[in-house]
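Secondary and tertiary structure notes
Spelled out, the chains give:
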Amino acid sequence: MEFRQVEHFLAVARAGSFTGAAREVHIVQSALSASVRRLEDELGAPLFERTTRRLRLTEAGRTFLPRAQRLVADAGLARDEVAALAELTRGRVAIGTIQTLTMIDLPGLLGRFRVRYPGIHLYVRDGTVPALAAAVRDGELDLSFLAGDEPLADGLVGFAEWTQHLVLLCPPGHRLGDGRAIPLTELDGEPFLVFSRSGIQAMVDRHAAAAGVRLHRVCEATHVPLLVELVAAGLGVTVLPRDVAEHSGLPFAEFAHPGFRRRVHLAGRERVPANPAALALLTHLLP
């Protein structure tokens, strides 16, 4: 059954004749008659009583009529909803982010996006880089900020890239927070606060192991603001992005080791997102 056959049936039912219906839908009468006849063949019953005086619906036609009307109405509603998505008057976009996103003001950008597209629902999730990357690949997230010192994994497309420098955040008055660049060996035995389940911590662990440095782990935290407060309270030192350190007001040290930097990507699944709302947000976020 073709949708246009249903539309032709409804036109004939409204007009009461094939001639009037043909004028309404702008096709020749013979083509309209053939279309309705094919529909009747597919349904297995005549829909009209064809007499010389007037065209009437059969019992099958009267049964089919309300269903055909709903079908056409639903199709019209579907067209309107798809058009609304394309015109960005409604829709949904999901984006992931890391806790240590410092290069852009994501809340501010999302706020301005919301003002511009008030009908679009925003979903924001933070998490670990592996979890966020998997969510993008699986379609749970349209876009995500991802960080690491390795290239993007297969199945992901990068739209923008930043470099993030990592530093050693220190308590007030700490011997290492005097502004000099320090070798990694200075961390050997130093009370260290672990940024749990973080790509930053994984990077620190790799470099420390390669340099034979023993990290004296005294505390673990999963939340960046809490980690900063723990450092401020004198529990130990930790490694965080330079922007976070500068914002904290605490002393920090650069590393003489060249490996303490990582790339932050804005990534997705497709070069051009199929979701119109995701494409609009991507355009809004690109530097």
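Residues numbered from 1 in each chain as written. Predicted model: local features only at pLDDT ≥ 70, side-chain atom pairs only at ≥ 80, totals over all residues. Heavy atoms only, no water.

You'll find the protein chain entered in an unreviewed UniProt entry as DNA-binding transcriptional LysR family regulator, with Nocardia neocaledoniensis given as the organism.

Moving on, we come to the packing of aromatic side chains. All told, the structure shown has 6 aromatic pairs when counted by the stated rule. A ring pair is formed by Phe-9 and Phe-48, whose centres lie 5.4 Å apart and whose planes are at 45 degrees; its orientation type is tilted. Of this pair, Phe-9 sits in helix α1 (residues 3-15) while Phe-48 sits in strand β1 (residues 48-50), placing them 39 residues apart in sequence. A relative accessible area of 0% places Phe-9 in the buried class. Judged by centre distance (6.0 Å) and plane angle (45 degrees), the ring pair of Phe-145 and Trp-162 falls under tilted. One end of the pair, Phe-145, is in strand β5 (residues 143-148); the other, Trp-162, is in strand β6 (residues 157-169), with 17 residues separating them in the sequence. Judged on exposure class, the residue Phe-145 and its partner Trp-162 are both buried. By way of ring pairs, the aromatic residues Phe-9, Phe-18, Phe-48 and Phe-64 are connected into one cluster. (Phe/Tyr/Trp six-rings, centres within 6.5 Å; stacked < 30°, edge-to-face > 60°. Helix = DSSP H or I, 4+ residues; strand = E, 2+ residues; numbered from the N terminus. Buried < 20%, exposed > 50% of the residue type's maximum accessible area, 1.4 Å probe, protein only.)

Right, let's get into the domain arrangement of the protein chain. Here the domain parsing of the protein chain yields domain 1 (3-68), domain 2 (71-162 + 264-285) and domain 3 (163-261). Computed over C-alpha atoms only, the centres of domain 2 and domain 3 are separated by 32 Å. With 8 residues of domain 2 at the contact, the number on the domain 3 side is 14 residues. Together domain 2 and domain 3 conceal approximately 920 Å² of surface at their shared face, both sides included; 50% is due to carbon and sulfur atoms. Applying the counting criterion to the domain 2 and domain 3 interface returns 0 salt bridges. One can count 5 residue pairs in polar contact (both at pLDDT 80 or more) joining domain 2 with domain 3. (Domains from an automatic or database assignment. Contact = heavy atoms within 4.5 Å. Buried area = accessible area lost by both parts, 1.4 Å probe. Salt bridge = Lys/Arg side-chain N within 4 Å of Asp/Glu carboxyl O. Polar contact = N/O pair within 3.5 Å; in protein donor to acceptor, adjacent residues only side chain to side chain.)

In this section: the environment of Thr-97. The residue Thr-97 is located in strand β3 (residues 91-97) in this model. Expressed as a C-alpha distance, the spacing of Thr-97 and Val-129, which sit 32 residues apart in the sequence, is 8.5 Å. Apart from residues no more than four positions distant in its own chain, Thr-97 is found in contact with Leu-106, Val-124, Arg-125, Asp-126, Gly-127, Leu-132, Ser-144 and Phe-145.

With that settled, the discussion passes to the packing of helix α2 (residues 18-25) against helix α3 (residues 29-43). At a closest axis distance of 9 Å, the pairing of α2 and α3 adopts a crossing angle of 105 degrees. Considering the angle they form, α2 stands roughly perpendicular to α3. Of α3, the residues touching α2 (which contributes Phe-18, Thr-19, Ala-21, Ala-22 and Val-25) are Gln-29, Leu-32, Ser-33 and Val-36. Here the contact of α2 with α3 is built from residues that sort into 6 nonpolar, 3 polar and no charged. (Axes fitted to C-alpha atoms, helices over the stretch in contact; angles between N-to-C directions. Parallel < 35°, antiparallel > 145°, perpendicular 65-115°, else oblique. Nonpolar A, V, L, I, M, F, W, Y, C, P; charged D, E, K, R; others polar.)

Burial runs high along β5: 6 of the 6 residues are buried. Taking every second residue as pointing to the same face, both faces of β5 are buried, with Leu-143, Phe-145 and Ala-147 on one and Ser-144, Leu-146 and Gly-148 on the other. Where β3 lies against β5, 2 bridges are found, and the strand directions are parallel. Residue pairing for β5: Gly-96 is matched across the bridge by Ser-144. In the sheet, β5 pairs with strand β11 (residues 261-268) via 6 bridges, with the strands oriented antiparallel. Within the sheet, the bridge partner assigned to Leu-143 lies in β11 and is Gly-268. (Pairing = 2+ DSSP bridges.)

The subject of this paragraph is unusual backbone geometry. Of note in this structure, His-26 is not a glycine but carries a positive phi near 65 degrees. With respect to the helices and strands, His-26 occurs in the loop between α2 and α3. Positive phi, normally seen in glycine, also occurs at Arg-197, with a value near 55 degrees. Residue class for Arg-197 comes out exposed when judged on its relative accessible area of 64%.

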